[in-house]
Amino acid sequence: MKAVFWKRAVAVVAAGALATVGLVGCTSPTTSSSASSSAAASSSADSSSDDTVIKVGASPTPHAEILNQINDALAEEGYTLEIVEYNDYVLPNTALENDEIDANYFQHITYLNDFNEENGTHLVDATGVHFEPFGLYAGKTASLDALADGATIAVPNDTTNEARALLLLEQEGLIKLNEGAGLTATVLDIAENPKNLTIQEVEAAQLPRILPDVDLAAINGNYALQSGLQVSDALAVEGSQSDAANAYVNVIAVKEGNELSEKTQALVKAITSDSVKAYIESTYNGAVVPLF
């Protein structure tokens with residue numbers, strides 16, 4: 001659950017920080033549509049005000065790919081689906097808050113809740129769709145057993161995903177977190193670090209890019225997919241029956257008050273269909289797990 005809406009200054013465990021990595025936060029969205037060429041050429045304002053157009057912000061993989069499977073189902077209900085692709089975690093939420101799009105599909109529920117709290121937005125989930133198991137991938141070190149003292153492990157630098165990465169490291173016995181740290185854990189909550197690991201905080205979308213420069217990296221499912229990483233190759237993953245599956249279910253988000261609108265209900269019905277479930281299961285080989 002494939003950028004960061006705030007960057008926190010926190011201590012890095014041990015020395016040896018990597019070179020600064022560029023951010024993606026200002027990436028411009030791109031638009032695709034199942035509409036006719038004339039409709040696709042219409043302005044964003046026209047699209048968002050058209051009652052027959054459902055405009056959804058999404059990350060390219062896997063969210064936009066999954067959305068593309070429901071074009072026909074929505075057309076049967078009289079709607080045209082317009083997908084606006086984003087490569088960061090901020091713009092799709094601000095666009096939704098500002099009524100520029102009707103819904104978005106790129107984030108897990110924990111991130112959505114934290115975004116609302118930090119930014120004063122009014123976004124809610126309309127339905128849960130899937131879970132992307134978080135994976136720990138090999139960089140310069142090929143296995144957990146070969147991990148040397150002082151090795152560097154890269155993790156996302158946004159609050160919810162950093163906690164998730166740290167919990168995965170704890171799951172594998174590499175660190176121990178303070179009791180109760182849970183989904184708000186940061187590197188400051190590391191109580192035990194027997195290998196003196198350097199935990200390098202990196203913007204989430206950049207993790208696959210820097211993987212060759214670190215020993216291991218804990219990478220979000222969508223960014224792993226975009227980079228050609230297979231969950232089957234990960235050294236460790238979250239289980240689909242774990243608490244993470246509930247905490248990190250990827251959702252269709254809408255602005256508060258629109259949960260029961262005709263557009264939202266049509267979108268929810270289409271994306272939780274048996275055909276979409278079959279597509280997810282046959283396409284992503286366990287990297288994306290339907291939860292409906």
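Enquirer: Now, about the overall build of the protein chain: what can you tell me, with residues and values included?
Expert: A tally of regular secondary structure across the protein chain gives 12 helices and 14 strands. Each of the 292 residues in the protein chain was classed as buried or not, and the buried ones make up 53%. On the protein chain, roughly 12200 Å² of surface is accessible, and the fraction owed to carbon and sulfur atoms is 46%.

Enquirer: Let's hear about the nonpolar core: which residues, and what values?
Expert: Counting 46 residues, the largest nonpolar core has Ile66, Leu67, Ile70, Leu74 and Leu267 as the members making the most contacts within it. Element by element, the count of residues in this core is highest for helix 11 (residues 262–271), at four residues. Those residues in contact with Leu267 that lie beyond four places of it in its chain are Ile54, Val56, Leu67, Ile70, Leu74, Ala103 and Ile252. Grouped together as the second largest cluster of nonpolar side chains are 24 residues, Leu144, Ile153, Leu169 and Ala218 included.

Enquirer: For the pairing of strand 2 (residues 53–58), give the residues involved together with the corresponding values.
Expert: Extensive coverage of strand 2 is indicated by the burial of six of its six residues. Burial along strand 2 is two-sided: the residues Val53, Lys55 and Gly57 and Ile54, Val56 and Ala58 are all buried. Pairing between strand 2 and strand 3 (residues 80–85): six bridges, direction parallel. Bridge pairing in strand 3 links Gly57 to Val84. Pairing of strand 2 with strand 4 (residues 103–108), which is carried by three bridges, proceeds in the parallel orientation. Its bridge partner lying in strand 4, Ala58 is registered against Tyr105.

Enquirer: Account for the sheet that holds strand 11 (residues 216–219), naming residues and giving values.
Expert: Across a sheet, paired strands are connected by hydrogen bonds in the backbone, their directions being either parallel or antiparallel. The strand order 10-7-11-6-12 describes an open sheet built from five strands, whose pairing is mixed. Edge positions in the sheet fall to strand 10 (198–202) and strand 12 (236–237), since each of these pairs with one other strand and no more. In terms of strand pairing, strand 7 (residues 152–156) meets strand 11 through two bridges, oriented parallel. Residue Ile153 lies in a different strand from strand 11, and its bridge partner there is Leu216. Of the strands in this sheet, strand 6 (135–138), strand 7, strand 10, strand 11 and strand 12 are in contact with helix 7 (residues 159–171), which crosses strand 7 at around 140°.

Enquirer: Explain unusual backbone geometry to me, using residue names and the numbers behind them.
Expert: With omega at 0°, the peptide bond leading from Thr61 into Pro62 counts as cis. Relative to the assigned elements, Pro62 resides in helix 3 (residues 60–67). Within the chain, Asn196 stands out as a residue other than glycine whose phi angle is a positive 50°. Its location among the elements puts Asn196 in the loop between strand 9 (190–192) and strand 10. Of note in this structure, Asn285 is not a glycine but carries a positive phi near 50°. Here Asn285 lies in the loop between helix 12 (274–283) and strand 14 (289–290).

Enquirer: With reference to specific residues and values, describe the environment of Glu238.
Expert: Examined against the element boundaries, Glu238 turns out to sit in the loop between strand 12 and helix 10 (243–247). The exposure class of Glu238 is buried, given its relative accessible area of 8%. Each C-alpha atom, one on Glu238 and one on Phe131, is 9.9 Å from the other, the two residues being 107 residues apart in sequence. When near neighbours in sequence (up to four residues on either side) are disregarded, Glu238 contacts Phe131, Glu132, Pro133, Phe134, Arg164, Leu168, Ala244 and Tyr248. A polar contact is formed between the side chain of Glu238 and the backbone nitrogen of Phe134, at a distance of 2.8 Å.

Enquirer: Report on helix 7, specifying residues and quantitative values.
Expert: With 13 residues, helix 7 extends 18 Å between its outermost C-alpha atoms, agreeing within 8% with the 18 Å of an ideal straight helix rising 1.5 Å per residue. Helix 7 sits mainly inside the fold: 10 of its 13 residues count as buried. Of the positions making up helix 7, those classed as buried are Thr159, Thr160, Asn161, Glu162, Ala163, Arg164, Ala165, Leu166, Leu168 and Leu169. Phi turns positive, to about 75°, at Gly173, one or two residues after helix 7.

Enquirer: Any chance you could break down helix 12 for me, citing the residues and the numbers?
Expert: Those residues of helix 12 that sit buried are Val276, Tyr279 and Ile280. Around the axis of helix 12, the buried residues are gathered within 95° of arc, so they sit on the same side. Those residues of helix 12 that are exposed and angled more than 90 degrees off the buried face are Asp274, Ser275 and Ser282. Buried residues in helix 12 make contact with helix 3, helix 11 and strand 14. Directly beyond the C-terminal end of helix 12, a positive phi value near 50° is found at Asn285.

Each value, and the rule that gives it
- Residues numbered from 1 in each chain as written.
- Predicted model: local features only at pLDDT ≥ 70, side-chain atom pairs only at ≥ 80, totals over all residues.
- Heavy atoms only, no water.
- Helix = DSSP H or I, 4+ residues; strand = E, 2+ residues; numbered from the N terminus.
- Buried < 20%, exposed > 50% of the residue type's maximum accessible area, 1.4 Å probe, protein only.
- Areas by Shrake-Rupley, 256 points an atom, 1.4 Å probe, with all protein chains shown as cover.
- Core = buried A, V, L, I, M, F, W, Y, C linked by side-chain atoms within 4.5 Å.
- Contact = heavy atoms within 4.5 Å.
- Pairing = 2+ DSSP bridges.
- Axes fitted to C-alpha atoms, helices over the stretch in contact; angles between N-to-C directions.
- Polar contact = N/O pair within 3.5 Å; in protein donor to acceptor, adjacent residues only side chain to side chain.
- Expected span 1.5 Å × (residues − 1).
- Arc of directions from axis to C-beta.

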